[in-house]
Amino acid sequence: MRLKKIKGIKFGLLAPKEIRKMSASKIITPDTYGEDGFPIELGLVNQRIGVIDPGLRCKTCGGRMGECPGHFGHIELAAPIIHIGYAKMIYRILASTCRRCGKVLLGEEARSKFLEKIEQQKEKQMDVGVVVKLVFKEAAKTEVCMFCDEIQKRIKYDKPTGYIEVEIADADKKRRLMPTDVRERLEKIPDDDIPLFGMDPKNARPEWMIITVLPVPPVTARPSITLESGQRSEDDLTHKLVDIIRINQRFMENRDAGAPQLIIEDLWELLQYHVSTYYNNEIPSVPPARHRSGRPLKTMTQRLKGKEGRFRGSLSGKRVNFSARTVISPDPEIEIDEVGVPIDIAKELTINVNVTERNLEAIRETLKRGSEHPGANYVRRADDKKVKVTETNHELLAEELGVGWKVERQLQDGDIVLFNRQPSLHRLSIMAHYVRVMPGRTFRLNPTVCPPYNADYDGDEMNMHVLQTEEARAEAKILMAVKRNIMSPRFGRPIIAGIHDYITGLFILTWSEKRFDKEKAQDMLNRINIRGLGEPAGTFESSSGIQVPYWTGKQLFGRILPKQMDLQFRGVVCEKCIERGGICKKENCPREGYVVIKEGDLVCGVIDEMAIGSFKGKIIEQIFKLYGEDEAKKFINDSARLATNCIKQSGFSFGISDEDIPKEGKVQIREEAVYEAEHKVEELIRAYDAEELEALPGRSLEETLELLIMQELGRARDDAGDIAERYLGIENSAVLMAKSGARGSMLNLTQMAACVGQQSVRGERIHRGYQGRTLPHFKSGDRRAEAHGFVRASFKDGLTATEYFLHAVGGREALVDTAVRTSQSGYFQRRLINALQDLEVKNDGTVRETRGTVVQFKYGDDGVDPSKNECGKVVDIDKIISEVVEEDVGA
Amino acid sequence: MKKGTLSIIGHELVPEHVVIDEIEVKELLDKYKIKRVQLPKIKVSDPAINGLGAEIGDVVEITRQSRTAGISLSFRLVIG
């Protein structure tokens, strides 16, 4: 197929002459089908303007249903009608042309100035509308024609389709312009003046905006449907055309019979209404035309406009075949680049394969199974005949199968598919996965690929698309495969990495020195493809007195690292001693925050979110950059397995008793944190009342008080948290998860176990409610902590009624905020994407738009792929020097 | 420049603009295999090239400090 390039698109108005020329049939009768069940000649479902009944042939082109594209017909209107879509334009033109000679009311100088400006805009491919607007504005000011000295009248636009001429000197002298008058005036405008309106006289004469001949769309554009009862139900457009023809006929009859002017005008008005609503049934101030059932009709404009219209609904938003959608659920046992496909879906979706000598036997085997799972649904024989594979014919087909056949084979393990979750906000929202057919009714995916899709398993649904051509499969494999997208192009860090339990599991495994005997160690490395356990770390005496070799958790983790890997970094458990003025003890860190990997061994440090977590993942980042995507994929898989194996062995759970704090702790929190702060707040209030408080710079006295109170109460919660932390050690599940970065934070835990703290609305304490108080439980003017949303209880202890209410007030704000933020950022993203979607990085490194105009001379100024650089820099010099001199020069 | 207006040239947020000669322009266009109109544009009235004596059709070179690349060069075609 030769590629054709669109050079341009020309828009214009249809001239009455043209409408008649392209018309295949005149339409006179308002009826559709006759009593014999056949379309009526010269009727609306005319056999010359397209066929929608099977078996009939088009009288214009001879095509059958499906072959004939349909042809336009036409209705000769008894009187001209204003086209509602151009009503405003007509008004503007009338107001700026002479009522006698039709010339545009501009002096020679202004005229040529405007014409030149329009020409300039056109050359620059810019909007001429801006200039045209000025033309209308200037010309409408003129009161006497400069060409024929005719005194002009003011035109009033009587919405939606009326024009009234008013004398400038005497506002009471008015005359209504009928469409015939309007058309006459538009006809007088000379061709030379038309470019001033931004129109081209060859393609759009202004008088063509008045309808004298109505084009009738082919029946294929408005097909009737046959109801179950055998009754025909016509399309809304057909209904509307019937109305137009009826009134048109009545108009003609009345006029021919010499009816009074009043009746004629009424009918004219009615015809105008029907033609107007035929084009647009949502005109302001016009009642919409309705169906017999009372439903407003869907006419021309309604077909095109809006989300479900022709443009956004049918052209940009087409539905696709070879796709499936269902709920997702986790399966840590499958690989990260696999997707578990329910067998029912796999049986329905097919891949087209050409039978060749090499795959003949394999396909024959597939065909022999018929529609049993990895079977086939259809075959296309060498003679291009499509046959459905059924229980009765599959064996016969398998025997007959030969080279040149095409087989629609069911989806099977190893096929490549696209997997997607809406909203598709970035390119990682659609990635290529390999199929794994399994029982059940949900798509299964490895939890490590949740972050790029932003998916969870609370009922999320995802879509799958089966690729149909070899090119598409190759492209998906090269560009969209999960392993290619481990590093996020957004922030240059791994996005596919350990989450939740994977982090917990490895944290438990590598935290302190855990010892595993041979059996347990092998258990840990179950389903991980590595060579041997390596040398044991030492021996310990068993209960029976013999020396048993053991392996440490760190050692086992080292087994899944690439052999030669070296890396040093600080984990999330690091308490940033340096920033706080201390010194980093590095290898001797009591929290094991300093991770050292030497020659593929974890020498010290604990594995946490910073090592393998999504968005952080230093180890994964390093492996991806040094050893490539396959090694990175393998590491993620292995670490996920190792983590599950480990967490399975010890078990990991969290319950209400994990929030328990011993009695003395509770007392301490109450007295040292809460009472203390409340006391200080009262102290501040007293100082304020006694006018002893000093205002902070730039703030009023009252603001100062509020600020100090907020600070004091904020500190109260932190203090409570610190105290709680002392009683909750790392053996507490919630603490472990918070510290390792697996899930939750210490703040969450503080609120659960110690003290919920101050509630706020817009960053301030809660003041809304009654005058001077939030609730009737407090005295008016009470400024104490309790009265303005300080919750002293913990979630576990339970909130008092007033605390509960004020907590809900603060909670509402958070809820509203997220709702507003998502909609706003969604729209913002849409606008950004619309603006940037055509930009492309070319082979020479420049960023260009579709015309080839350069936008950026080098992509990102440095020409570097953000997913492949070192944290935003092209190279990390410190790191390279460290590697060469084998000494840590950075930090 | 009109009396009483302030020149923004030299301000730290305004990168350096220099008009380049025809030979350099040709080299530039050849390097990227583009036509003159495919360059990014700048208006003659733009305050950043005010006083440079740039005329419509000239090409200016802009030297920017870039966070990613240190120094980046860009070119713009002067238009009316």
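Rules of the game
Residues numbered from 1 in each chain as written. Chains lettered and ligands numbered in written order. Predicted model: local features only at pLDDT ≥ 70, side-chain atom pairs only at ≥ 80, totals over all residues. Helix = DSSP H or I, 4+ residues; strand = E, 2+ residues; numbered from the N terminus. Rg over C-alpha atoms; globule rule 2.2 N^0.38 Å. Contact = placed C-beta atoms within 7 Å. Axes fitted to C-alpha atoms, helices over the stretch in contact; angles between N-to-C directions. Parallel < 35°, antiparallel > 145°, perpendicular 65-115°, else oblique. Nonpolar A, V, L, I, M, F, W, Y, C, P; charged D, E, K, R; others polar. Pairing = 2+ DSSP bridges. Core = buried A, V, L, I, M, F, W, Y, C linked by C-beta atoms within 7 Å. Buried ≥ 20, exposed ≤ 12 C-beta atoms within 10 Å, placed from the backbone. Domains from an automatic or database assignment. pLDDT = per-residue confidence, 0-100.

(A) Fine view of the overall build of chain A. Of the regular secondary structure elements, chain A holds 26 helices and 30 strands. A compact globule built from 891 residues should have a C-alpha radius of gyration of about 29 Å, whereas chain A, at 39 Å, is more than 25% larger. Its C-alpha atoms give chain A principal-axis dimensions of about 125 × 100 × 60 Å. Residue pairs in contact within chain A that sit at least 24 positions apart in sequence constitute 66% of those at least 6 positions apart.

(B) Inspection of the packing of helix α19 (residues 618-627) of chain A against helix α20 (residues 629-650) of chain A at higher detail. Residues and elements named next belong to chain A. Contact geometry of α19 with α20 gives a least axis separation of 7 Å together with a crossing angle of 150°. Classified by the interaxial angle, the pair formed by α19 and α20 is roughly antiparallel. Residue-level contacts link I620, I623, F624 and Y627 of α19 to E629, E631, A632, F635 and I636 of α20. Taken together, the residues that form the contact of α19 with α20 break down as seven nonpolar, no polar and two charged.

(C) Region of the structure containing the sheet that holds strand β4 (residues 174-177) of chain A. All names here are of chain A. Spatial ordering of the open sheet is given by β2-β3-β4, a layout of three strands whose pairing is antiparallel. Every other strand in the sheet has two partners, leaving β2 (154-158) and β4 as the edge strands with one partner each. Adjacent strand axes in the sheet meet at a mean angle of 30°, parallel and antiparallel pairs treated alike. Across four bridges, the pairing between strand β3 (residues 162-166) and β4 is antiparallel. Its bridge partner being in β4, I164 is matched across the sheet by R176.

(D) Focus on the nonpolar core. Residue and element names in this part refer to chain A. Counting 103 residues, the largest nonpolar core has L506 and I620 as the members making the most contacts within it. With sequence-adjacent residues up to four places away left out, L506 is seen in contact with F557, I607, I612, S639, L642 and A643. One finds I84, Y91, C98 and V216 within the second-largest nonpolar core, a separate group that totals 51 residues.

(E) Region of interest: unusual backbone geometry. Residues and elements named next belong to chain A. Note the cis peptide between K159 and P160, where omega equals 0°. Among the secondary structure elements, P160 is positioned in the loop between β2 and β3. Residue Q422 is joined to P423 through a cis peptide bond whose omega torsion reads -5°. Mapped onto the elements, P423 comes out in the loop between β14 (416-420) and β15 (430-438). Positive phi outside glycine occurs at E599, with the angle close to 45°.

(F) Here's a closer look at the packing of helix α22 (residues 701-727) of chain A against helix α24 (residues 746-753) of chain A. Residues and elements named next belong to chain A. Running from N to C, α22 and α24 point in directions that differ by 90°, and their axes come no closer than 9 Å. The orientation of α22 with respect to α24, classified from their angle, is roughly perpendicular. Within the contact between the two elements, α22 uses R717, A720, G721, A724 and E725 and α24 uses M746, T750 and A753.

(G) Representation of the environment of F443(A). Residues and elements named next belong to chain A. With respect to the secondary-structure elements, F443 resides in strand β16 (residues 443-445). A tally of 25 C-beta atoms within 10 Å means that F443 is categorised as buried. Separated by 402 residues in sequence, F443 and E41 place their C-alpha atoms 57 Å apart.

(H) Main features of the domain arrangement of chain A. As assigned here, chain A comprises domain 1 (84-206), domain 2 (235-305), domain 3 (323-485), domain 4 (516-650), domain 5 (656-801) and domain 6 (840-884). Computed over C-alpha atoms, the centres of domain 1 of chain A and domain 4 of chain A are 81 Å apart.

(I) Quick look at α19(A). Residue and element names in this part refer to chain A. Counting buried residues in α19 gives seven out of ten residues, a clear majority hidden from the surface. Listed as buried for α19 are K618, I619, I620, E621, Q622, I623 and F624. Each element contacted by the buried residues of α19 is listed here: β21 (567-570), α18 (609-612) and α20.

(J) Layout of the interface of chain B and chain A. At the junction of the two partners, chain B supplies twelve residues and chain A supplies twelve residues. Broken down by element, the residue count for the side of chain B that touches chain A peaks at four residues, all from strand β4 (residues 70-79) of chain B. The residue makeup of the side of chain B that touches chain A, split by class, is seven nonpolar, five polar and no charged.

(K) The confidence of the model for chain B, seen in detail. In this model, chain B carries a mean pLDDT of 87, and residues with pLDDT of at least 70 account for 95%. Note on the complex model: pTM 0.77, ipTM 0.91.

(L) Broad picture of the pairing of β14(A). Residue and element names in this part refer to chain A. Where burial is concerned, the two faces of β14 differ: the one with V417 and F419 is buried and the one with I416, L418 and N420 is not. Alignment of β14 against β15, held across five bridges, turns out to be antiparallel. Bridged to I416 within β15 is Y434. Here β14 pairs with strand β17 (residues 461-466) via four bridges, running antiparallel. Residue L418 lies in a different strand from β17, and its bridge partner there is H465.

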